[in-house]
Structures are given as structure tokens and as C-alpha cells.
Amino acid sequence: MGRKNPQHHPHRTLIVGNYCHDVLFKDNTLIAQTLGGASSFISAVFDPLSSDPSSTSYISKVGPDFSHQVSHPPILSPSSPTTLFHAHFSSEPRRQDRVLKRVRSCDPILPSDLPPNAKFNFGLAAAVAGEILPETLARMLDICDTLFVDVQGLIRAFDPVDGTVSLVGLKISGFHHLLPRISFLKASAEEAPFVDVEEARRLCCVVVTNGEDGCTVYWKDGEYRIAPFPTVQVDPTGAGDSFLGGFVAGLVHGLAVPDAALLGNFCGSLTVGHVGLPKFDSKLLQRVKDEVVKRKMQYSCCLDGQDDGLKFEKPLGHDQFHASLAAAKLATACSIRECQQDLHNSPTTIEQDIHQQCTGQHKLLTTSVLEEPI
């Protein structure tokens, strides 16, 4: 589960997963049309927190109908449409929070699509529509020292008639034989029963995200719960991807696993406060990055000559790191409120423009999708 030989090549990260078009409905009424897919949500947090964004390679595929500008250009599949998801939400509290349907799917990502003759310190397999094949994941394991895998890309099944997403057991997914080579497997609380966490934790580290309860880290020698960050859930889409982006960013910076998971919880809590793909406040992410760097320096002093492999035990100062991240979020929220108060008497068009910059909402047609506190 540790890094194999990170000193043998430059510090690099590989992120694999398709971009998508996401269409959100609430009570069968169109709410928003946004850029989706794991790569979009991951890059929104990973790039600003990275010490060297140029060292990260993104591999994704889209069709000629792809309608968004992105920082990491995808591979164009001329004869295939861009993956399209419809997410249906309901106001009724007793109904399922979200019904997800894959309306169209782009071509899968093949082993030959990955960078040739390349080696990476970290890799992240984050498929949403079955675009990562078993042979592609095997190739990622060959070229990445430490590989993170979102289990949703392995166990999702799609109804042949309407594309409704369901889940199958990991053992029958076609990926189970690769589990001993995976470093970290991330699953939501809904997905965890399809994984058999007790078996998987003996082979790799398993991180289960629990929404309002934070996440739990399982590995062969123990487990612990990582505290959440209070927020109000508007749209859960992309929360797991943002968690992974923050989690991997923390480990790339050299944080211990519990601190990196805490950073993942923080990033996930930010994402659920937006409809669709969020555009985070740059000052907030810079504050967070500063706290991560500071935390790494504190952690390095505590290592006292130990090797730089992955550390699973909670280090001293973990609770203080939680408090510092919460304080960074609060400070930015106060700045946004001051901004909105200053614009209270301004023309409506200017106020709406600034509000969009502050909240990061794109193509928003109404207010919120979900209103339950998380």
C-alpha cells in the first residue's frame, strides 16, 4: 500500500476519467445544465492546491458535441458523443435523494490513451460511466506508484433501456482481481456494501465517505473516523470527486493519511454547497493551501528522521488542522457577505454578476436542488 520507489522519477500525478454533460432536474423541472465528470470536479480543487499543476496529466474523452472550455483538453472521439447524465431530485423527503441516468456514453479510455513511457508518483482512476476498462486500470497500476480508485467507476451498471444507474458487487465487476495492487479504494456509504469492506481492507486502504458524518478510513491494522465540516447541502453531485481531489492533494503535499482525508472532507463540504460544478473563491483555496503547507512543515518536524512512506496513524495536531481549515472557510464566507452587503443598493445586474462569482453557480435556472442540512 505504500509508495514503491518515488525517488526514481519526478513527482507527477495522473488523473483519468471522462468529462460529462450533466443535466439536473428537481421534481421533473430543469434546474441546471453544467459541466460534469470526475475530472472537472477533481481539477477544481486539485489544481489550486497543487504545488506544481504542470506536473499533473489528465486523460479524458469527449465527443464533437462537447460544449465547455476546460483547463485540461480532453481526447476527441470523432464518432462518439460526450457522456450525458440526467440527475433527478425530489422534494419529497421520503423519496431517494437522487436518481441518476446515463443518457449517452463516450468511448472508453484505453491503455493506449495513457501517456506512453511515463511513470507517475500518484494516479487517480475516477470513472463515472464505465469508461475505465479493467485493462486500462491494470496499465495505471503499472505506471503509478500509488493508485487511488473511486469504486463507483468499477461497480456501476446501467439499465439498457433508460440508463438508470445501479450497483453490482465488486467481486463480479471484472476488477476484483486488481484489488491487491490498489493503494486506496474510495466508496460512498451507499457503495460500501457492494465492496465487502472487511475483505478489501486486508488488501488495500478503504475510505468510506459518509456525507454529514465525514469519512472512515479502514486499513489492515486499524480504522478511524475523520470529522466532517458542517455545511448546507444544495447538490451532492461531485462531492466524492472533490473529496478525492482534496485527499490526493494532501498526500501529494506529504500529509499523513488522516490529515489528507480531513482535507478531502473539507473539499467535499465546499462542493455540496453549489449546483453543478463549483467555482471556488480563489482566496479561500489559497488560504487552504497555506494551511496545508504549514501543516506539512509541522508534520515533518514530528517525523524526526522517519521514512517518508504513507502514515496511517493520526498525528499530533490533527484536531488543530481541522480548526484551521474551518477558520479559513469562515473567513472567506465573511468576506463574501461583506461583498454582498456593499452591493445591496447596486443595480440588479451587477449584483447578480458578483453573486455568481462568489458562489460559482453556472447556468443556474432556480435556487437550490436540495435543502437538507448536511
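Higher on the page you've got the structure.
This structure is a prediction, so every number in the text was calculated from the model and none was measured.

Trainee: How should I be thinking about the layout of surface pockets in this particular structure?
Mentor: Within this model, the largest pocket holds a volume of roughly 1400 Å³. Contributing to the lining of the largest pocket are 50 residues, with Arg98, Ser188, Glu190, Pro236 and Ala239 lying nearest its centre. Of all the elements in the fold, those that place two or more residues in the lining of the largest pocket are strand S2 (20-26), helix H1 (38-49), strand S7 (83-89), strand S8 (98-104), strand S12 (165-167), strand S13 (184-188), helix H5 (239-253) and helix H6 (257-271). Classifying every residue of the lining of the largest pocket gives 20 nonpolar, 19 polar and eleven charged.

Trainee: When you look at unusual backbone geometry in this model, what are you seeing that I'm missing?
Mentor: Across the chain, the bulk of peptide bonds are trans and the bulk of non-glycine residues have phi less than zero. Despite not being glycine, Asn117 has its phi angle at roughly 55°, a positive value. Along the chain, the position of Asn117 falls in the loop between S8 and strand S9 (120-125). The residue Asp196 is not glycine, and still its phi comes out positive at about 65°. Assignment of secondary structure puts Asp196 in the loop between S13 and helix H4 (197-200).

Trainee: What should I look at first to understand the sheet that holds strand S10 (residues 144-150) in this one?
Mentor: Across a sheet, paired strands are connected by hydrogen bonds in the backbone, their directions being either parallel or antiparallel. Pairing is mixed in the open sheet, where eight strands are placed in the order S4-S1-S9-S10-S13-S14-S15-S16. Each edge of the open sheet is held by one strand with a lone partner, namely strand S4 (56-59) and strand S16 (222-226). Put simply, the sheet's adjacent strands are angled 15° from each other on average, direction ignored. By the bridge criterion, five bridges tie S13 to strand S14 (residues 205-209) in an arrangement that is parallel. Each residue of the ladder has a partner; that of Lys186, found in S14, is Val207. H1 contacts strand S1 (13-16), S4 and S9 of the sheet and is inclined by roughly 170° relative to S4. Helix H2 (residues 134-143) contacts S1, S9 and S10 of the sheet and is inclined by roughly 145° relative to S10.

About the thresholds
- Residues numbered from 1 in each chain as written.
- Predicted model: local features only at pLDDT ≥ 70, side-chain atom pairs only at ≥ 80, totals over all residues.
- Heavy atoms only, no water.
- 1 Å grid on protein atoms, 1.4 Å probe; cavity = no way out; pocket = protein on both sides within 12 Å on 5 of 7 lines; lining within 4 Å.
- Points joined across faces, edges and corners; volume = space filled by probe spheres on them.
- Helix = DSSP H or I, 4+ residues; strand = E, 2+ residues; numbered from the N terminus.
- Nonpolar A, V, L, I, M, F, W, Y, C, P; charged D, E, K, R; others polar.
- Pairing = 2+ DSSP bridges.
- Axes fitted to C-alpha atoms, helices over the stretch in contact; angles between N-to-C directions.
- Contact = heavy atoms within 4.5 Å.

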